[in-house]
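# Analysis of the macromolecular model
If you want the building blocks of each chain, they are given just below.
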Amino acid sequence: MKALFSLSTILVFVITIIMTKATSISLLAPSSGINLNLNFDTGTSNILDSISVDDRTFKKSDATIFSVEIVNRNSIFTLTSKDDNVIRSLSSSDTNDQVTASWQFNNNITVTLQFSSSSSSSSFIDVTPSVIFPDSTNHGVATFTVSIPVNPQASDTAFFPDSYGEEASATNTYSGTYPSASAAMQHMAISSTTAPGLYVASHDKSGDWKELSYDGSSAFGVKMVPIGATKPVSGWTAEYPISLAALPKIGESAPLWFLASELYRAFIFAEPAAPWLQQGPIQKRLPTHLQNSHLWLNTGWQCHDVFEDAQGDPATAQKRVEDVVKIWRGLGLKDPVGLHYYEWQQGPDPDPSERYLFDTHYPDYFPGRVSDDGTTVESFAASVLADLGVYTYPYINGRIFDLTCDSYIADNGEEVCVKVPEKMKLFDGENTKLSVPTENYGSGPDFCIANPATEYWQNKLGSTVESLVKDYGASGVYIDQVASASMNLCYDPAHNHTIANGHWWRNGYLEMFNKIHELAPGAPMVTESNSEIYMDMVEGYLPLTAFMKGLASSSGDKVLVPAFSFVYGGFYNAFGAEFYQADFADVPYLRAKIAAMLVTGTQIGWFSLGGIEDDACGEMGLYDLFMDEGNLDVSQYIVDSANVRSELVDFFLNGRQYPNPVSDPAPEIVKGNKEYHDVMTGTWVSEDGGDVAAVVCNVSGSDKKFTLAFDFALYGWKEGDKYKMETSKKVYVVERGTSHVVEFDVAGSGIEVVRFSLII
């Protein structure tokens, strides 16, 4: 046994080689004292026989621990840990702090998995794969998948990093491609209220492509693509590890997302911190109007990307925006409103029938539309800003290139496109035949994916944004798809980046946004979804996929959890969710959707004004409903929610979201297309940890009496700490300790706030 001292914790490794061909490596998790055991046996095909967390064992005999795709000069083939005719062996380091499992195949290719103490934190055991070839000219690695065995119990909950984060019964499956909306972060987890659990994450601070998965029955998976994938090499070792850690049982005030995200945050912020944190806290980059835009509209987004033509007509858009915002102002809205402006583009032919429609001609947009009465894009933006404090963000796309547009034809656009091999085999430089993958959105043209590392694309987007801000009066620009769609691997050597995977994707977008900010200084850029690697490039995320889930489930389905706001609170800004006409038919459900945004710190709304009939999608045009006097109570609730958000804006801009206090009685379920609780709470802790604010929303329509039990120990408060409590009713209480129970009596559509502050 060897003891290693790391900061304030003691890490103990126990490695023993036994004559039965079994060995184990043990880690004492510093935060909880839970013992994590990796048990090996060369008599089993996977060598890693099981993983033990205290008295719980994760083992699935029919799961492979790895699968590697290898290319040669003619084709691609797969090797797995369960293949036959393989020599399996184990070795340990002289210092007894790592174990290496090896599989030697009959073609003299060797695969190893090294299990060792993490270099980033004493909480983790790192798993690092390697492949060794018999020569350096005939083989390359295309993909490598590591699978961590689990056998979920009926009571288990699983956590996945989709958008803000999601939890579900561990019988659910998951697959997400990082970086994208489906995998905004890189950690997954499983645990229950009756047994401890396991944290599984890719610990990569470069933002490279990977696929995270969970099959609902046997394993978590991380699929890697090497930097320089398919190039001939003598061997390959992963650029980052798969990290494992023990998790305690889920507690009433310590849900799984919180337990897992504490570990992930510790990794991300450990020096050197992830590069997307390099800009520091978000507030210093946000203009005052965006900090305080607590409500958002859009001119008429439709979920199938087939839009109403009239919505982008400047005069039509101006009337609709003015009419709705005037109602809100009359009901007491104090702060700015953000507006996404779709279908503003006309193109060079002024004939309305020749207008550039949504999802066509990208990246060609100009000139903008002119209404029959002479209203222009720029006069519309100037008018609603001056008269009503509405800040306009026109739509452009940051990722796709129309193969039929003028720029593609004139500028040899294919040179800019991402390219992949026609046949997956050993990469042979310029002799490898490449093809251009395309996408189609039902709007007519095919698109390639523009490579963000190319100077052409960076300049093209930069000049478009510059014109929108300087010539068309845009307050900022919405650049679609950047943080939503996944990174695309590219094998084109002419693009001067590493083949296939690598840091070039993030760095290319970083260069592009740096140019944009130089060309349009002070104008905020916003994009779709909230993938972590773009945090230092944009001033706003539109997390639509996060709110495609509810905040509650009566059947173990996936629910939104605020893991992202716990890990990255203070470093990002977010706004917007989808709303439908049908929501107005069930006001408690509509209030629940609005409250879900408030409690998660998200700027509220993104209500579509225009729309078309679309039974499959659902009607989204809300202008007429807002103008209906019968819906003034809805507008009042929207305004009230925005004004409460205004009161708490410092917490949402600079603080982090923590688990909610325990409610007695437990809230009931509000059902619609999704499920929510009829009383929702969002608990936010200030940057310095000395202040706590909880916003409590009763959406039920009936008065509710209940208590909330706060556990201050979660925020680092200690026994004997003195604190002050203040409620919406201006009740002040001074207490000592690490817990407090608050009684609430909230009206049927009421919003209450309670604050706690340490007294130093």
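Residues numbered from 1 in each chain as written. Predicted model: local features only at pLDDT ≥ 70, side-chain atom pairs only at ≥ 80, totals over all residues. Heavy atoms only, no water.

### Comments concerning the overall build of the protein
Note the cut-off: Counting from the N terminus, the helices are the DSSP runs of H or I reaching at least four residues and the strands are the DSSP runs of E reaching at least two. Note on method: radius of gyration uses C-alpha positions; expected globular size equals 2.2 Å times residues raised to 0.38. Only protein chains enter the accessibility calculation, which uses a 1.4 Å probe; a residue whose area is less than 20% of its type maximum is buried, one above 50% is exposed, and one in between is partly exposed. Only heavy atoms matter for contacts: two residues are in contact if any of them lie within 4.5 Å across the pair. Each accessible area value is a Shrake-Rupley result obtained with a 1.4 Å probe; residue values ignore everything except the protein chains displayed when judging cover. None of His or the chain ends enter the tally, which takes Lys and Arg as positive and Asp and Glu as negative. For the purpose of locating charges, the reference atoms are NZ of Lys, CZ of Arg, CG of Asp and CD of Glu.
A tally of regular secondary structure across the protein gives twelve helices and 47 strands. Computed over C-alpha atoms, the radius of gyration of the protein comes to 27 Å, within 12% of the 27 Å expected from 2.2 N^0.38 for 760 residues, which places it in the range of a compact globule. When the backbone C-alpha atoms are referred to their principal axes, the protein occupies close to 85 × 70 × 45 Å. Each of the 760 residues in the protein was classed as buried or not, and the buried ones make up 61%. At a minimum sequence separation of 6, the contacts of the protein that also span at least 24 residues come to 69%. Accessible area of the protein: about 27400 Å², with a carbon and sulfur share of 48%. Averaging the positions of the 49 positive and the 93 negative side-chain charges in the protein gives two centres separated by 6 Å.

### Structural notes on the sheet that holds strand β45 (residues 732-736)
The condition that has to hold: The pairing criterion for strands is at least two bridges between them, as found by DSSP. Axis definition: a line fitted to C-alpha atoms, over the contacting stretch in the case of helices. Angles run 0 to 180 degrees between N-to-C directions.
With respect to topology, six strands assemble into an open sheet ordered β37-β41-β42-β47-β44-β45, the strand pairing being antiparallel. Across the chains shown, the open sheet's two edge strands, defined by having one partner strand only, are β37 (656-658) and β45. On average, each strand axis in the sheet is tilted by 25° relative to the strand beside it, whichever way the strands run. Across three bridges, β37 lies against strand β41 (residues 679-685) in antiparallel orientation. Bridge pairing in β41 links Gln 657 to Trp 684. Of the strands in this sheet, β42 (691-698) and β47 (751-758) touch helix α11 (residues 632-647), which is tilted by about 5° from β47.

### Comments concerning unusual backbone geometry
Across the junction of Tyr 178 and Pro 179, the peptide omega takes the value -5°, indicating a cis bond. One can find Pro 179 in the loop between β17 (174-178) and β18 (187-191). Residue Pro 367 follows Phe 366 across a cis peptide bond; omega there is -5°. Here Pro 367 shows up in the loop between β25 (337-341) and α4 (377-388). In this structure, Asp 54 is a non-glycine residue whose phi angle is positive, near 50°. With respect to the helices and strands, Asp 54 occurs in the loop between β6 (48-53) and β7 (56-58). Residue class for Asp 54 comes out partly exposed when judged on its relative accessible area of 45%. For Thr 230, which is not glycine, the phi torsion reads 75° and is therefore positive.

### Considering the pattern of salt bridges
Between side chains of opposite charge, pairing is possible as soon as their charged atoms come close. Basically, it comes down to this: By definition here, a salt bridge exists when the distance from a side-chain nitrogen of Lys or Arg to a carboxyl oxygen of Asp or Glu is within 4 Å.
Counted under the stated rule, the structure contains 19 salt bridges. The partner of Lys 59 in a salt bridge is Asp 49, with the nearest N and O atoms 3.4 Å apart. With Lys 59 in the loop between β7 and β8 (66-71) and Asp 49 in strand β6, the pair connects residues that are ten residues apart, well separated along the chain.

### Details of the sheet that holds strand β27 (residues 400-402)
Spatial strand order, β27-β31-β30: three strands in an open sheet with antiparallel pairing. A single partner strand is all that each edge strand has here, and the edge strands are β27 and β30 (438-440). Each strand axis lies, on average, 40° off the axis of its neighbour in the sheet, ignoring direction. As defined by bridge partners, β27 adjoins strand β31 (residues 446-449) across three bridges and the pair is classed as antiparallel. Looking across to β31, one finds that Phe 401 is bridged to Cys 448.

### Focus: the side chain of Asp 162
Applied cut-off: Think of a polar contact as two N or O atoms within 3.5 Å of one another; within protein, one of them needs to be a possible hydrogen donor and the other a possible acceptor, and neighboring residues in sequence only count if both atoms come from side chains.
Tracing the backbone shows Asp 162 in the loop between β15 (157-160) and β16 (166-169). Looking at Asp 162, its side chain comes within polar contact range of the side chain of Lys 549, at 3.1 Å. What Asp 162 contacts, discounting residues up to four positions off in sequence, is Tyr 174, Ala 181, Ser 182, Thr 545 and Lys 549.

### A short note on the environment of Thr 112
Mapped onto the secondary structure, Thr 112 falls in strand β12 (residues 110-117). For Thr 112, the contacting residues outside a window of four places in its chain are Thr 100, Ala 101, Ser 102, Thr 128, Pro 129 and Ser 130.

### Concerning empty space enclosed by the protein
Empty space among the atoms becomes apparent when a probe as large as a water molecule is rolled across them. Condition: A cavity, in this analysis, means grid points on a 1 Å lattice covering only the protein atoms where a 1.4 Å probe fits yet has no way out; a pocket is instead an open set bounded by protein on both sides within 12 Å along at least five of seven lines, and a residue lines either one if it has an atom within 4 Å of a point. Grid points are joined across faces, edges and corners, and a volume is the space filled by probe spheres set on the points. Only Asp, Glu, Lys and Arg are considered charged, only Ala, Val, Leu, Ile, Met, Phe, Trp, Tyr, Cys and Pro nonpolar, and every remaining residue, Gly among them, polar.
Applying the stated rule across the entire model yields four cavities of 30 Å³ or more. In this structure, the largest cavity encloses a volume near 80 Å³. Taken together, Tyr 164, Tyr 572, Asn 573, Ala 574, Thr 600, Gly 601, Thr 602, Arg 645, Phe 652, Leu 653 and Trp 684 make up the full set of residues lining the largest cavity. Residue classes in the lining of the largest cavity are distributed as six nonpolar, four polar and one charged.

### So, the environment of Ser 475
With respect to the helices, strands and loops of the structure, Ser 475 is situated in the loop between α6 (455-470) and β32 (477-480). Other than its neighbours up to four places away in sequence, Ser 475 contacts His 289, Tyr 391, Thr 392, Ala 523 and Pro 524.

### Some points on the packing of α6 against helix α7 (residues 504-519)
To describe two helices that pack against each other, one gives the angle between their axes and the distance between the axes. What counts here: Working definition: roughly parallel below 35 degrees, roughly antiparallel above 145 degrees, roughly perpendicular at 65 to 115 degrees, and oblique for all remaining angles. The handedness criterion is simple: a crossing whose near helix is rotated anticlockwise from the far helix by less than a right angle is left-handed, and one whose near helix is rotated clockwise is right-handed.
In contact at an axis separation of 9 Å, α6 and α7 are set at 30° when each is read in the N-to-C sense. By the angle class used here, α6 and α7 are roughly parallel. For the pair α6 and α7, the sense of crossing is right-handed. Facing Glu 455, Trp 457, Gln 458, Asn 459, Leu 461, Gly 462, Ser 463, Val 465, Glu 466 and Lys 470 of α6, the residues of α7 in contact are Gly 508, Glu 511, Met 512, Lys 515, Ile 516 and Leu 519.

### Here's the deal with the state of the cysteines
Formally: Criterion for a disulfide: a pair of cysteine sulfur atoms within 2.5 Å.
In this structure the tally under the stated criterion is two disulfides. Here Cys 303 engages in a disulfide with Cys 617; their sulfurs sit 1.7 Å apart. In this pair, Cys 303 is assigned in the loop between β24 (295-298) and α3 (314-330) and Cys 617 in the loop between β36 (604-608) and α10 (623-627), connecting sequence segments 314 residues apart. With a relative accessible area of 23%, Cys 303 lands in the partly exposed category. Assessed through its relative accessible area of 10%, Cys 617 is described here as buried.

### Points about the layout of surface pockets
One number sums up the size of the largest pocket: a volume of about 1100 Å³. Lining the largest pocket are 40 residues, with Glu 167, Pro 255, Trp 257, Leu 551 and His 677 sitting closest to its centre. Within the lining of the largest pocket, the residues separate by chemical class into 22 nonpolar, 14 polar and four charged.

### A closer look at the packing of aromatic side chains
To keep things clear, this is the line we draw: Each pair of aromatic rings taken from Phe, Tyr and Trp, with Trp reduced to its six-membered ring, is defined by centres within 6.5 Å and is described as stacked if the planes are under 30 degrees apart, edge-to-face if over 60, and tilted in the remaining cases.
All chains considered together, the criterion is met by 64 aromatic pairs. Plain terms: the ring middles of Tyr 341 and Phe 380 are 5.1 Å apart, the flat faces sit at 80° to each other, and that makes the pair edge-to-face. Here Tyr 341 is found in strand β25, whereas its partner Phe 380 is found in helix α4, with 39 residues between them in sequence. One exposure class covers both Tyr 341 and Phe 380, and it is buried.

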